[in-house]
Amino acid sequence: MRIDANYDRSRLIRAAMGKLPCDLTIFNVQLVNVITGEIYPSEVDILDGHIVRVREEGAEAPLPAAARYDGEGAYLLPGFIDTHMHVESTMMTPENFGRAAILCGTTTVLVDPHEIANVMGIPGVRYMVENAAFSPVRQLNLAPSCVPSVPGLEQSGADFGPQEVGELLDMPGVVGIAEMMDFIGVREDTPRVHGILDEGLRRGVLIQGHAPKVLDRELAAYILGGPRDDHSSRTAAESIANLRNGLRVNVQSSSLSDSGLGKVVEGIRGCRFTDFVSLCTDDVHAKDLLETGHINRVLKSVIAQGIDPITAIRWATLNGALDCMLEDVGAIAPGYLADLQLVEELDGRNPKAVFVGGKLMCKDGVLTADLPRAPQTAFPNTVHLPEIGEADLRLAAPDPTLSHVRAAVVPCMEGGRPKDTPLYEDLPVTEGYVDITKDPALCYVAVFNRHGKGGHTVAVYRDLGLRQGAIAATVGHDSHNLTIAYRDPQDALCAIRYLKREGGGICTVLQGEILAGLPLPIAGLMSDLPCRELVRDLERLEDSVEVVCASRSLMMRITILSLTASPDLRLSDLGLVDGKRQRFVPLFPEV
């Protein structure tokens, strides 16, 4: 598909033939040609936001352009393309995300708005599309395919089947189907998943994938189901298996984890052809975006793994466009949109200048374009909780007369990541409830449905990293229920009251007092603050996290403890989930 399908081809032809002056010429640049892999001096002529002609050294323009921009000898690259991300994970609105990402050289993003879809359904997706229209970065939204991500194992605020996905695909600004996380549903060809994929296949649109640890015949079945790519590889075996079978690989480095990037690149390194490799961020937080970059941060990591810089740049540009079925971005050649960036070195540093559609958006790290702002949107409070008492935050023993009970305990690795197999420990029982007060390595985690559907689960975790107090969030991938880690139920109640009052967010509590809170009133997921102001508030929150936790990282870890699509132990509002086998784990195995 072409992003701009309504361009005037006749005007571009006339300009190329010297019968019409161009709007802009960018000169004195070293052009990086991602089609041939060459670098050479060039001048680029632009009309109506499109590249008309790339003139090599010595070739003159028949007519002077209305404006000229001196590249001062810098490299001219296509704008970067993020093939898969969730804008809501930045905790910024699409508009404010775009104002931050453009400074990093990103000009196009494929957005999966399934975070807000899980809270607000189709109206939430519509908000993302409408607000993105005010972003300097092109944001192409996709129809979320997994709302909830794992039906039957969690409850969200909406339920998307084929009808809802089809309705979204017919919405202007929605260009395909977002990551199909239900790889078991694809493999088993369930009616719901088959119907959702049919909506995309019969329209001939992009269908993105998500298939962690899916190999051999299951991988073949997944590809036959319809998904085109995968960003969830974490090992060399996964990445090479995907490529050998024709499933495109989006090399990912997210704020939650980039620990697998080196292994993924290792699997790719021996391939003669890497046309099926692109880059994505998946989940990038505002602080990382501000301090380390966006797709250029992933580019740095890939180059650090020994990938040739021009190859890595192709992955971040043309390959991303090809993966996402976009015909007019990703390269510098006649007919492509003039989404361009000037950089001093080919190492992933922030650009000197960025153009989108031939318009200068930023220069020397400052947004220069005079862009209209999105109108203010009044959001309802999306934190719908029943009355919660202290008893709801305790883990009741199946037999209150027991002095001890054998219970499932979720063990965590360094950094608080849950393992995939529970421990079964004999825990003391006091007044009918499991008692963790004498073991400082234990804490409770509770997930409460916040979409008005009832349901909650309390479980015991070991080595999560919580030392005292509580930390709570309404950001809880992917159904975004309310998740709390706590030692004292009274601290948990304080956190719940705060988040309910603010319409969502993240907070820390100690001895019944709020240490710090970050309100996220837009669906309990996003703030309307610009990037720098949001990062300032996030740093205050992180400082408070260190008071109650062993590591600041638990602030983000709390948001994925309920990610039931992950192949580890996860907690939902319906129970403790074995993510690998997609089934519940009993909290008390002997009951």
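Residues numbered from 1 in each chain as written. Predicted model: local features only at pLDDT ≥ 70, side-chain atom pairs only at ≥ 80, totals over all residues. Heavy atoms only, no water.

## Re helix α7 (residues 191-201)
Those residues of α7 that sit buried are Val193, Gly195, Ile196, Leu197, Glu199 and Gly200. On its buried face, α7 is in contact with α5 (162-169), β9 (174-180), α6 (183-187), β10 (206-209) and α8 (216-225). (Buried < 20%, exposed > 50% of the residue type's maximum accessible area, 1.4 Å probe, protein only. Helix = DSSP H or I, 4+ residues; strand = E, 2+ residues; numbered from the N terminus. Contact = heavy atoms within 4.5 Å.)

## Here we look at the packing of helix α12 (residues 295-304) against helix α13 (residues 309-316)
Where α12 meets α13, the closest approach of the two axes is 10 Å, and the angle between their N-to-C directions is 145°. Two packed elements cross with a definite hand, and for α12 against α13 that hand is right-handed. Packed against α12, whose contacting residues are Ile295, Leu299, Val302 and Ile303, the element α13 presents Pro309, Ala312, Ile313, Trp315 and Ala316 at the interface. (Axes fitted to C-alpha atoms, helices over the stretch in contact; angles between N-to-C directions. Left-handed = near helix turned anticlockwise from the far one by under 90°.)

## Describing the domain arrangement of the protein chain
Parsing the protein chain into structural domains produces domain 1 (1-78 + 330-368), domain 2 (80-328) and domain 3 (390-584). Listed by partner, the interface residues are 38 residues for domain 2 and 42 residues for domain 3. Contact between domain 2 and domain 3 buries roughly 3300 Å² in total, counting both sides, with carbon and sulfur atoms accounting for 64%. The interface formed by domain 2 and domain 3 holds one salt bridge in total. Salt-bridge contacts for lysine 287 lead to glutamate 542; the nearest nitrogen and oxygen are separated by 2.9 Å. Of all the elements in the fold, those that place two or more residues in the side of domain 2 that touches domain 3 are α2 (94-101), α3 (114-120), α4 (122-132), α6 and α11 (286-292). For the side of domain 2 that touches domain 3, the element with the most residues is α3, which contributes six residues. (Domains from an automatic or database assignment. Buried area = accessible area lost by both parts, 1.4 Å probe. Salt bridge = Lys/Arg side-chain N within 4 Å of Asp/Glu carboxyl O.)

## Quick word on the sheet that holds strand β12 (residues 248-252)
What the three strands build is an open sheet, ordered β11-β12-β13; its pairing is parallel. Since the sheet does not close on itself, it has two edges, and those belong to β11 (229-230) and β13 (277-280), each with one partner. With four bridges connecting them, β12 and β13 associate as parallel partners. By the bridge assignment for β13, valine 251 is matched with leucine 279. Across the face of the sheet, helix α10 (residues 261-269) comes into contact with β12 and β13 while running at roughly 145° to β12. (Pairing = 2+ DSSP bridges.)

## Quick notes on the pairing of β12
Along β12, five of the five residues are buried, which leaves the element largely enclosed by surrounding structure. With burial as the criterion, each face of β12 is covered, one bearing Arg248, Asn250 and Gln252 and the other bearing Val249 and Val251. For β11 and β12, the ladder comprises two bridges, and the chain directions are parallel. Bridge pairing links aspartate 230 to valine 249 in β12. Note on the crossover from β11 through helix α9 (residues 236-244) to β12: the handedness is right-handed. (Right-handed = clockwise from strand over helix to strand, strands pointing away.)

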